[in-house]
Amino acid sequence: MSKRYHVMLDVDGVLADYTSSVVAWVNAKCDTAYTVKDVTGWDILKALNVPESVQQQFWDEITTAPDWCYNLKPYPWAKTLVQVLGSHPNVGELTICTSPMSGKHWAGERLQWLYDYLRIPLTRVVLASNKAKQVQGDVLVDDSPKHVNAWASQPGRHSILWRMPWNQDEELQPNVYSANNLDMLCEQLESLARRERP
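1. Quick look at the overall build of the protein chain
- What the protein chain contains, in helices and strands, is 8 helices and 6 strands.
- Ordered by position in the sequence, the α and β elements of the protein chain form the string β-α-α-α-α-β-α-β-α-β-α-β-β-α.
- C-alpha extents for the protein chain along the principal axes are approximately 55 × 35 × 30 Å.
- Every one of the 198 residues in the protein chain was classed for burial, and the buried ones make up 46%.
- Long-range contacts, defined as pairs at least 24 residues apart, comprise 64% of the intrachain contacts of the protein chain with a sequence gap of at least 6.
- Taken as a whole, the protein chain presents about 10,200 Å² of accessible surface, with 49% of it coming from carbon and sulfur.
- Positive and negative charge centroids in the protein chain, built from 19 and 23 side chains respectively, lie 7 Å apart.

2. Let's talk about the pattern of salt bridges
- Counted according to the given criterion, the structure contains 3 salt bridges.
- In this structure, the salt-bridge partner of Asp 12 is Arg 110, at a minimum N-O distance of 2.9 Å. With a gap of 98 residues between them, Asp 12 in the loop between β1 (5–9) and α1 (18–30) and Arg 110 in helix α5 (residues 106–118) connect regions that are remote in the sequence. Across the pair, Arg 110 and Asp 12 agree in class, each one buried.
- Among the ionic pairs, Asp 142 bridges to Lys 131, the shortest N-O distance being 2.6 Å. Taken as a pair, Asp 142 in strand β4 (residues 139–142) and Lys 131 in helix α6 (residues 131–134) lie far apart in primary sequence, 11 residues in all.
- Via salt bridges that share partners, Asp 10, Lys 131 and Asp 142 belong to a single interconnected network.

3. Thoughts on unusual backbone geometry
- Despite not being glycine, Asn 49 has its phi angle at roughly 60 degrees, a positive value.
- Within the secondary structure, Asn 49 sits in the loop between α2 (44–47) and α3 (52–64).
- Taking relative accessible area as the criterion, Asn 49 reaches 62% and is therefore assigned exposed.

4. Describing the state of the cysteines
- If you walk through the whole model with that rule in mind, you get 0 disulfides.
- Unpaired in terms of disulfides, Cys 69 finds its nearest cysteine sulfur in Cys 97, a separation of 15 Å.

5. Examining the packing of helix α4 (residues 78–86) against helix α8 (residues 182–195)
- Following both chains from N to C, one finds α4 and α8 inclined at 20 degrees, their axes separated by 11 Å at the closest point. Here α8 runs roughly parallel to α4, going by the angle between their axes. The chirality of how α4 crosses α8 is right-handed. Facing Thr 80, Leu 81, Val 84 and Leu 85 of α4, the residues of α8 in contact are Leu 182, Leu 185, Cys 186 and Leu 189.
- Here the contact of α4 with α8 is composed, by residue class, of 7 nonpolar, 1 polar and no charged.

6. Here we look at α5
- The end-to-end C-alpha distance of α5 is 17 Å, a good match for the 18 Å that 13 residues give at a rise of 1.5 Å each.
- Regarding α5, the residues found buried are Trp 106, Glu 109, Arg 110, Trp 113, Leu 114 and Leu 118. Seen along its axis, α5 keeps its buried residues to an arc of 140 degrees; they face one direction.
- Those residues of α5 that are buried are in contact with α1, α3, α4, β2 (91–98) and β3 (125–127).
- Among the residues trailing α5, Arg 119 stands out with phi positive, at a value near 55 degrees.

7. Brief notes about the side chain of His 147
- Here His 147 is to be found in helix α7 (residues 145–152).
- On the basis of relative accessibility, which here comes to 18%, the residue His 147 falls in the buried class.
- When neighbours within four sequence positions are excluded, His 147 is seen to be in contact with Ser 99, Ser 129, Lys 131, Leu 140 and Asp 142.

8. Here's the deal with α3
- For α3, spanning 13 residues, the distance from its first C-alpha to its last is 19 Å, which sits close to the expected 18 Å at 1.5 Å a residue.
- The set of residues buried in α3 consists of Val 54, Phe 58, Ile 62 and Thr 63. The buried side chains of α3 occupy one side of the element, clustering within an arc of 160 degrees when seen end-on. Within α3, the exposed residues directed more than 90 degrees away from the buried face are Glu 52, Ser 53 and Thr 64.
- On its buried side, α3 packs onto α1, α2 and α5.

The rules behind these values
The residue numbers shown here count from 1 along each chain, following its written sequence. Side-chain atom pairs in this predicted model are given and counted only at pLDDT of 80 or more, local residue features only at pLDDT of at least 70, and totals for whole chains, interfaces and linings cover all residues. Calculation of side-chain values draws on the structure's entire complement of heavy atoms; hydrogens and water are dropped beforehand. The helix and strand labels rest on DSSP assignments: H or I over at least four residues marks a helix, E over at least two residues marks a strand, and numbering proceeds from the N terminus. For the exposure calls, accessible area comes from a 1.4 Å probe over protein chains only, and a residue counts as buried if that area is under 20% of its type's maximum, exposed if over 50%, partly exposed in between. Note on definitions: a residue-residue contact is assigned when non-hydrogen atoms from the two residues lie within 4.5 Å. Here the Shrake-Rupley method, with its probe set to 1.4 Å, supplies the accessible areas, and only the displayed protein chains count as covering residues. None of His or the chain ends enter the tally, which takes Lys and Arg as positive and Asp and Glu as negative. The atom standing in for a charge is NZ when the residue is Lys, CZ when it is Arg, CG when it is Asp and CD when it is Glu. Any carboxyl oxygen of Asp or Glu within 4 Å of a side-chain nitrogen of Lys or Arg constitutes a salt bridge here. Counting rule for disulfides: a pair of cysteine sulfur atoms within 2.5 Å. Axis angles are defined between N-to-C directions and span 0 to 180 degrees, where every axis is a line fitted to C-alpha atoms and, for a helix, only to the segment in contact. Any angle between 65 and 115 degrees counts as roughly perpendicular, while under 35 counts as roughly parallel, over 145 as roughly antiparallel, and the rest as oblique. Two helices cross in a left-handed way if the nearer one is turned anticlockwise from the farther one by less than a right angle. They cross in a right-handed way if the turn is clockwise. All amino acids are sorted into three groups, where Ala, Val, Leu, Ile, Met, Phe, Trp, Tyr, Cys and Pro are nonpolar, Asp, Glu, Lys and Arg are charged, and the leftover types, Gly among them, are polar. A helix is expected to span 1.5 Å multiplied by its residue count minus one. By definition, the arc is the one covered by directions from the helix axis to the C-beta atoms.

Take a look at the structure:
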């Protein structure tokens, strides 16, 4: 019988295009012409050389302005990724695991976004800032090197880094896998299941 995992799936940088919205905000505020390709490090504002005073304006705005989170665009692959993982033979349960921003709008808008764009109900969503310590599951799929490294350091857990331009040069633990498309993600799950077959 195939090994079946409880997979925890991140949102920003995996399903939702948070980075493009940040780049657009920076361009409007700083009169620049950056693209997502210019984001070559995990800290988007630092990668775009945004002054600290403007960085604070950014955080103040996205944590207080209504609709900022809800207006994020889903990646073209988002719906397919959720559908394929949800029916994959090595996935016993799929849960969305997302880190909430502070402020009164973000968490509610994130839950509404997940339902409206991907038809994911509240019962399949976990909001957690420290995923490794606050969430139960087997495999984490996330674009954050920090999160995948922390998750994989826990006994019996595995993680897969969703490769994007801003995490290419980050150092990963030896037991952290990576994928930059859906086919590769499925291959990693299948390979992991074969290695752990009883």
